[in-house]
Amino acid sequence: SQQGEEDPQALSIQEGENATMNCSYKTSINNLQWYRQNSGRGLVHLILIRSNEREKHSGRLRVTLDTSKKSSSLLITASRAADTASYFCATDAVGTASKLTFGTGTRLQVTL
Amino acid sequence: EAGVTQFPSHSVIEKGQTVTLRCDPISGHDNLYWYRRVMGKEIKFLLHFVKESKQDESGMPNNRFLAERTGGTYSTLKVQPAELEDSGVYFCASSQDGGETQYFGPGTRLLVL
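A quick note: this is a predicted structure, and the numbers were derived from the prediction, not measured.

Structural notes on the overall build of chain B
Link 1 in the chain: What chain B contains, in helices and strands, is zero helices and 11 strands.
Link 2 in the chain: Going from N to C terminus, chain B has its helices and strands arranged as β-β-β-β-β-β-β-β-β-β-β.
Link 3 in the chain: Against the 2.2 N^0.38 benchmark of 13 Å for 113 residues, chain B shows a C-alpha radius of gyration of 13 Å, consistent with a compact globule.
Link 4 in the chain: Long-range pairs, those at least 24 residues apart, make up 52% of the contacts in chain B with a sequence separation of at least 6.
Link 5 in the chain: Here chain B contributes 12 positive and 14 negative side-chain charges, whose respective centroids are spaced 6 Å apart.

Rendered as structure tokens:
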């Protein structure tokens, strides 16, 4: 399997609900970053969590990192229709000089 | 502050033709990266410039791809000759010297017919 696999591949929720996406990776990392891509658009950086951090918040986003399990989760609280997008985790592995490795992403659909 | 820009936004060419993609990083960012996503696959690293030098080009698929960053400002990625499997979205990203966050451009959608 690939470094940075997201789970689930697709998620459909109603507005106001919380959305949780998970990411697993294989190697030791310097940091892990989450990106959002709206349909047909570029990647928007959401949040970065370093290997020595366990949890980070940014607005309605909460990211956790468990380096012992090599996994991360992204929680979006009180989701909105505008959160509809694909979400990717990307890892900066130790010894790779900032080369990011992406997973295949989670497609989130938020309905009214 | 302007973000990373890429040109063109879309390109449709025939197999065997040449295409050149351009990326303008955020002003002052020494690090410039190229990535691409081919249909149904994950986004993959192509190469990394630090100023005008190639720091890592381990992701370049073959010698039909040539990336340059003369003067350490904008970068071009040329595909010559293009093949059908080169179709996909080519992303450029930049980061500050010592910075961890990579800021991505909108991508160039390349279709090779």
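Okay, back to it.
Comments concerning the interface of chain B and chain A
Many descriptions give the size of an interface as the accessible area lost when the pieces come together.
Link 1 in the chain: Facing the 17 residues of chain B at the interface are 21 residues of chain A.
Link 2 in the chain: With both sides pooled, the region where chain B packs onto chain A buries about 1,700 Å², and carbon together with sulfur makes up 51% of that total.
Link 3 in the chain: Taken as a group, Glu-42, Ile-43 and Glu-100 of chain B account for 34% of the area that chain B buries against chain A, more than any other trio of residues on that side.
Link 4 in the chain: The interface formed by chain B and chain A holds one salt bridge in total.

A look at the pairing of strand S8 (residues 71-76) of chain A
Residue and element names in this part refer to chain A.
Link 1 in the chain: Of all the six residues making up S8, five are buried; the element is thus mostly covered by neighbouring parts of the structure.
Link 2 in the chain: Bridge count between strand S3 (residues 19-24) and S8: six bridges; the pairing is antiparallel. Along S8, the bridge assignment pairs Ser-24 with Ser-71.
Link 3 in the chain: Examined bridge by bridge, strand S7 (residues 61-66) and S8 share six bridges and lie antiparallel to one another. Its bridge partner being in S8, Arg-62 is matched across the sheet by Leu-75.

Quick notes on the layout of surface pockets
Link 1 in the chain: The calculated volume of the largest pocket comes to roughly 260 Å³.
Link 2 in the chain: Gln-37, Ser-86, Thr-104 and Arg-107 of chain A together with Arg-37 of chain B are, among the 15 residues lining the largest pocket, the residues nearest its centre.
Link 3 in the chain: Among the secondary structure elements, those contributing two or more residues to the lining of the largest pocket are strand S11 (106-111) of chain A together with strand S9 (88-95) of chain B.
Link 4 in the chain: In the lining of the largest pocket, the residues fall into two nonpolar, nine polar and four charged.
Link 5 in the chain: A volume near 150 Å³ is recorded for the second largest pocket.
Link 6 in the chain: Forming the walls of the second largest pocket are Arg-37, Val-38, Met-39, Gly-40, Glu-85, Ser-87, Gly-88, Val-89, Leu-110 and Leu-111 of chain B.

Here we look at the environment of Ala-2 of chain B
All names here are of chain B.
Link 1 in the chain: Summarising the element assignment, Ala-2 is placed in the segment before strand S1 (5-7).
Link 2 in the chain: Residue Ala-2 is classed as exposed on the basis of its relative accessible area of 58%.
Link 3 in the chain: For Ala-2 and Thr-73, which are 71 residues apart along the polypeptide, the C-alpha to C-alpha distance reads 14 Å.

Observations regarding the sheet that holds strand S1 (residues 5-7) of chain A
Picture the strands of a sheet paired through backbone hydrogen bonds; they go either parallel or antiparallel.
Residue and element names in this part refer to chain A.
Link 1 in the chain: Taken in spatial order, the five strands line up as S1-S3-S8-S7-S6 in an open sheet, and their pairing is antiparallel. Looking at strand neighbours, the two that pair on one side only are S1 and strand S6 (55-58), the edges of this open sheet. Neighbouring strand axes in the sheet, compared pairwise and without regard to direction, differ in orientation by 20 degrees on average.
Link 2 in the chain: Judged from the four bridges that link them, S6 and S7 form a sheet pairing that is antiparallel. From the neighbouring strand, Ser-58 faces S7, where its bridge partner is Leu-61.

Reading the values: rules and limits
Residues numbered from 1 in each chain as written. Chains lettered and ligands numbered in written order. Predicted model: local features only at pLDDT ≥ 70, side-chain atom pairs only at ≥ 80, totals over all residues. Heavy atoms only, no water. Helix = DSSP H or I, 4+ residues; strand = E, 2+ residues; numbered from the N terminus. Rg over C-alpha atoms; globule rule 2.2 N^0.38 Å. Contact = heavy atoms within 4.5 Å. Lys, Arg positive; Asp, Glu negative; His and termini not counted. Charge placed at Lys NZ, Arg CZ, Asp CG, Glu CD. Buried area = accessible area lost by both parts, 1.4 Å probe. Salt bridge = Lys/Arg side-chain N within 4 Å of Asp/Glu carboxyl O. Buried < 20%, exposed > 50% of the residue type's maximum accessible area, 1.4 Å probe, protein only. Pairing = 2+ DSSP bridges. 1 Å grid on protein atoms, 1.4 Å probe; cavity = no way out; pocket = protein on both sides within 12 Å on 5 of 7 lines; lining within 4 Å. Points joined across faces, edges and corners; volume = space filled by probe spheres on them. Nonpolar A, V, L, I, M, F, W, Y, C, P; charged D, E, K, R; others polar. Axes fitted to C-alpha atoms, helices over the stretch in contact; angles between N-to-C directions.

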